[in-house]
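Per-entry structural report
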Amino acid sequence: MARKKIIAGNWKMNKTPSEAKALVELLAPLVQNDDVDVVYCVPAIDIVPVVESVKGSNVAVGAENMYVEESGAYTGEIAPAMLVDAGVKYVIIGHSERREYFKEDDAFLNKKVLKAFEHGLTPILCCGETLEQRESGVTLDWIRLQIKSDMQGVTAEQAASMVIAYEPIWAIGTGKTATADQAEEVCKAIRECIAEIYDTDTAEKIRIQYGGSMNAGNCKELLAKPDIDGGLIGGASLKADFGEIVNYNK
């Protein structure tokens, strides 16, 4: 079964609202490709202007984070219903930066995944290992543990519709990229893990991205691999190069 590729930009903590609108306008003619789902995951303050700016285009908007409660005294947090009402379709959950700097653990991330589904948002669930873990040979065990913990209680139907982003922590923003074979090995293992938890059909439907310094120069080789269904792009999503990644197949 052919899975549609999904290329998502993770803007991280970059771009003011006016800069965001300018970037969307710059990228608009460059990111047209019917074979690919295109998503901009933007800072919370940019969501409204970006949703407005992509209206009528092929681009969907994602959030970089959300909280697990519906509303209430959680100063500084954003509820899923707020995202939905603003026009958001996707939400990144469990990015290594959230895990590391904000101490989000797997039990908490599992609540986020379930809450996203409750509101019809598509989670982009991130997993990945440190350099130390890779060098000590525990990469696949570690990632299987993350996936199994973060997806507790997720139905097969929900799992089939979500996105998993494999991001080796040692390759994020470092300019180091996993080789296409290293990336494929882990993405294939993630698919096998999903088949174990659910079934082969679910594993065949779920889309698995690679993230970690994917750019215009290496995207073709990475996206040619059978188990890599897209990319979660950091730095390269903030410039015209993002269009080249979206149009990797042209």
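In case you missed it, the structure is sitting above this.
First, a word on scope: everything that follows refers to the structure included in this document. Each residue is numbered by its place in its chain's sequence as written, counting from 1. Only residues with pLDDT of at least 70 get local features here, since the model is predicted, and only at 80 or more are side-chain atom pairs given and counted; chain-wide, interface and lining totals rely on the full set of residues. Hydrogens and waters are ignored; side-chain quantities use all the structure's heavy atoms.

1. Brief notes about the overall build of the protein
Quick note on the threshold: Think of it this way: any DSSP run of H or I at least four residues long counts as a helix, any run of E at least two long counts as a strand, and we number them from the N terminus. As a reference, a globule follows 2.2 Å times the number of residues to the power 0.38, and the radius of gyration itself is taken over C-alpha atoms. Relative accessibility thresholds used throughout: buried, under 20% of the residue-type maximum; exposed, over 50%; partly exposed, between the two (1.4 Å probe, protein chains only). Only heavy atoms enter the contact rule, under which two residues are in contact if any of them lie within 4.5 Å. Each accessible area is a Shrake-Rupley estimate made with a 1.4 Å probe; only the visible protein chains count as cover when residues are assessed. Positive charge is attributed to Lys and Arg, negative charge to Asp and Glu, and no charge count is given to His or to the chain ends. Lysine's charge is taken at NZ, arginine's at CZ, aspartate's at CG and glutamate's at CD.
Helices and strands together make up the secondary structure of the protein, namely 12 helices and eight strands. Against the 2.2 N^0.38 benchmark of 18 Å for 250 residues, the protein shows a C-alpha radius of gyration of 17 Å, consistent with a compact globule. When the backbone C-alpha atoms are referred to their principal axes, the protein occupies close to 45 × 45 × 35 Å. Here the protein, with 250 residues, has 52% of them falling under the buried criterion. Put simply, 74% of the contacts in the protein that link residues at least 6 apart link residues at least 24 apart. Accessible surface for the protein amounts to roughly 11200 Å². Of this, 52% is attributable to carbon and sulfur atoms. With 26 positive and 38 negative side-chain charges, the protein shows a separation of 2 Å between the mean positions of the two kinds.

2. A few points about the pattern of salt bridges
This is how it is decided: We count a salt bridge whenever a side-chain nitrogen from Lys or Arg sits within 4 Å of a carboxyl oxygen from Asp or Glu.
Counted according to the given criterion, the structure contains 20 salt bridges. Between Lys112 and Glu104 there is a salt bridge, with the nearest N and O atoms lying 3.1 Å from each other. Assessed through its relative accessible area of 2%, Lys112 is described here as buried.

3. Quick look at the side chain of Ser237
Within the secondary structure layout, Ser237 lies in the loop between strand E8 (230-233) and helix H12 (241-246). You can call Ser237 buried: its relative accessible area is 1%. Non-local contacts of Ser237, meaning those with residues more than four positions away in its chain, are made with Gly9, Asn10, Trp11, Leu23, Leu27 and Phe242.

4. Observations regarding the side chain of Lys5
Basically, it comes down to this: By the criterion applied in these results, polar contacts are pairs of N or O atoms within 3.5 Å in which, for protein atoms, one can donate a hydrogen and the other can accept it, and in which residues neighboring in sequence qualify only through two side-chain atoms.
Along the chain, Lys5 falls in strand E1 (residues 5-10). Although Lys5 lies buried, it forms no salt bridge, and the closest oppositely charged side chain, Asp229, sits 4.7 Å away as judged by the N-O distance. One polar contact links the side chain of Lys5 to the main-chain carbonyl oxygen of Leu223, over a distance of 3.3 Å. Separated by 3.2 Å, the side chain of Lys5 and the backbone oxygen of Ile228 make a polar contact. Once you skip the residues sitting within four places of it in the chain, Lys5 turns out to touch Asp35, Val36, Asp37, Arg207, Leu223, Ile228, Asp229, Gly230 and Tyr248.

5. A word on the sheet that holds strand E2 (residues 36-42)
Heads up, the rule is: Pairing between two strands requires that DSSP report at least two bridges joining them. Axes here mean lines fitted to C-alpha atoms, for a helix over just the part in contact, with angles spanning 0 to 180 degrees between N-to-C directions.
On the basis of which strands lie adjacent, the closed barrel formed by eight strands has the order E1-E2-E3-E4-E5-E6-E7-E8 and parallel pairing. Along the sheet, successive strands turn relative to each other by an average axial angle of 25°, direction set aside. As defined by bridge partners, strand E4 (residues 90-93) adjoins strand E5 (residues 122-127) across four bridges and the pair is classed as parallel. Each bridged residue has a counterpart across the sheet, and for Ile92 the counterpart in E5 is Ile124. Sheet strands in contact with helix H5 (residues 106-118) are E4 and E5, and its direction is about 175° off that of E4. Running at roughly 150° to E5, helix H7 (residues 139-150) makes contact with E5 and strand E6 (163-166) of the sheet.

6. Re the packing of aromatic side chains
Keep this limit in mind: We call Phe, Tyr and Trp rings a pair once their centres come within 6.5 Å, taking the six-membered ring for Trp, and we label the pair stacked below 30 degrees between planes, edge-to-face above 60, and tilted otherwise. Two thresholds decide whether a charge sits over a ring: the Lys NZ or Arg CZ must be within 6 Å of the ring centre and within 35 degrees of the ring normal.
Taken as a whole, this structure holds five aromatic pairs when the rule is applied. Ring geometry for Tyr67 versus Tyr74: centroids 5.0 Å apart, planes at 45°, classification tilted. Their ring planes at 55° and their centres at 6.1 Å tell us that Tyr67 and Phe108 sit as a pair that is tilted. Here Tyr67, found in the loop between strand E3 (59-63) and helix H3 (80-86), pairs with Phe108, found in helix H5; they are 41 residues apart in sequence, far enough to count as distant. With relative accessibility at 21%, the residue Phe108 sits in the partly exposed group. An aromatic cluster is built from Trp11, Tyr40 and Phe242, whose rings are joined through pairwise contacts. Taking NZ or CZ as reference, Arg98 lies 4.0 Å from the ring centre of Phe102, over its face.

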